[in-house]
Amino acid sequence: MAGGLLLIGFAFLLMALPRGENNVSLSSVVPFPVSYAAPELSLETVNGRLESLADYRENVVLVNNWATWCPPCKAEMPTLAAYYDEHREEGFTIIAIDAGDPVSIVSEFARSYSLTFPIWLDPDGASLRAFGNGTLPNSYVIDRTGTVRYAWTGEISKAMLEKYVTPLLKEDS
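Fair warning: this is a prediction, and the values are worked out from it, not measured in the lab. (Residues numbered from 1 in each chain as written. Predicted model: local features only at pLDDT ≥ 70, side-chain atom pairs only at ≥ 80, totals over all residues. Heavy atoms only, no water.)

1. What to know about the sheet that holds strand E6 (residues 119-121)
Okay, so step 1: With mixed pairing, the eight strands of this open sheet are ordered in space as E1-E8-E7-E4-E5-E6-E2-E3. The sheet terminates laterally at strand E1 (32-37) and strand E3 (50-52), the two strands that pair on one side only. Shown here is a sheet whose adjacent strand axes are inclined to one another by a mean of 35 degrees, direction ignored.
Okay, so step 2: Pairing analysis gives five bridges linking strand E4 (residues 60-66) to strand E7 (residues 138-142), with the strands arranged antiparallel. Directly across from Asn64, in E7, lies its bridge partner Ser139.
Okay, so step 3: The sheet contacts of helix H6 (residues 158-170) involve E4, strand E5 (92-98), E7 and strand E8 (147-153), and relative to E8 the element is tilted by about 170 degrees. (Pairing = 2+ DSSP bridges. Helix = DSSP H or I, 4+ residues; strand = E, 2+ residues; numbered from the N terminus. Axes fitted to C-alpha atoms, helices over the stretch in contact; angles between N-to-C directions. Contact = heavy atoms within 4.5 Å.)

Here's what the structure looks like:
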């Protein structure tokens with residue numbers, strides 16, 4: 001009962017907060033800590049190659065499920081791109097998995113945002129099912145041992161990437 005009242009109070013707090021371009025949504029502020037094995041997932045890249053999460057073992061990987069039509073997905077792409085560029089030499093990668101857009105649209109989106117990390121195509125929702133989250137954007141941080149450590153739903157800020165992902169880059173496998 002008390003937990004339900006707390007959730008209702010939190011929902012009212014969320015509704016009362018001001019919204020706008022410069023406000024960070026609370027769903028993106030702090031990731032949810034988790035601990036489970038990364039799913040077996042293989043998809044085709046925008047370049048036509050088949051890749052799997054297992055190919056990136058021994059890296060810290062941020063899996064980002066997104067779509068070209070999704071406003072918060074678009075909003076977080078420059079942040080993700082900048083963080084990737086700053087940390088890729090430390091064994092970090094982002095795998096951006098587009099949820100169903102045609103390859104031509106995804107390729108143009110990647111070009112317009114100057115994205116250099118791997119982009120996978122997910123025409124059938126396999127990644128959304130594998131991670132059990134159909135809300136976009138959603139992101140998962142996988143450590144060097146293949147364990148999913150953090151889950152986000154919503155736009156990710158640079159501050160949260162630095163706070164939660166950067167320390168994982170310093171951990172040994």
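2. Description of the pairing of E7
Okay, so step 1: Burial analysis of E7 places five of its five residues in the buried class, which makes it a mostly covered element.
Okay, so step 2: Summarising the sheet, E7 and E8 pair through five bridges and their orientation is antiparallel. In the strand pairing of E8, Asn138 is matched with Thr153. (Buried < 20%, exposed > 50% of the residue type's maximum accessible area, 1.4 Å probe, protein only.)

3. As for the packing of aromatic side chains
Okay, so step 1: In this structure the tally under the stated criterion is six aromatic pairs.
Okay, so step 2: Between the aromatic rings of Trp66 and Phe109, the centroid separation amounts to 4.8 Å while the plane-to-plane angle is 35 degrees, which identifies the pairing as tilted. Of this pair, Trp66 sits in strand E4 while Phe109 sits in helix H4 (residues 103-112); the two residues are 43 residues apart in sequence, bridging distant segments of the chain.
Okay, so step 3: Relative accessible area serves as the criterion here: at 7%, Phe109 is assigned to the buried category.
Okay, so step 4: Ring centres of Phe131 and Tyr140 lie 4.3 Å apart, and the angle between their planes is 15 degrees; this geometry places the pair in the stacked category. (Phe/Tyr/Trp six-rings, centres within 6.5 Å; stacked < 30°, edge-to-face > 60°.)

4. Topic: the state of the cysteines
Okay, so step 1: Applying the stated criterion across every chain yields a total of one disulfide.
Okay, so step 2: Paired through a disulfide, Cys70 and Cys73 show a sulfur-sulfur distance of 2.4 Å. Judged by the sign of its S-S torsion, about 75 degrees, the cystine formed by Cys70 and Cys73 is right-handed. In this pair, the class of Cys70 matches that of Cys73, namely buried. (Disulfide = S-S within 2.5 Å.)

5. A look at the confidence of the model for the protein chain
Okay, so step 1: On average, the protein chain scores 86 in pLDDT, and the residues at 70 or more come to 82%.
Okay, so step 2: Low pLDDT, under 50, characterises residues 1-28; the predicted model gives this stretch 16 contacts beyond four residues in sequence or across chains. (pLDDT = per-residue confidence, 0-100.)

6. Some points on the pattern of salt bridges
Okay, so step 1: This structure, assessed with the given rule, holds six salt bridges.
Okay, so step 2: For Arg88, the salt bridge goes to Asp85, with nearest N and O atoms at 3.9 Å.
Okay, so step 3: For Asp85, a relative accessible area of 42% translates into the label partly exposed.
Okay, so step 4: Asp143 is the salt-bridge partner of Arg149, the closest N and O atoms lying 3.0 Å from each other.
Okay, so step 5: Taking the relative accessible area as the measure of exposure, Arg149 reaches 22% and is therefore partly exposed.
Okay, so step 6: With relative accessibility at 9%, the residue Asp143 sits in the buried group.
Okay, so step 7: Linked through salt bridges whose partners overlap, the residues forming this network are Asp143, Arg149 and Glu171. (Salt bridge = Lys/Arg side-chain N within 4 Å of Asp/Glu carboxyl O.)

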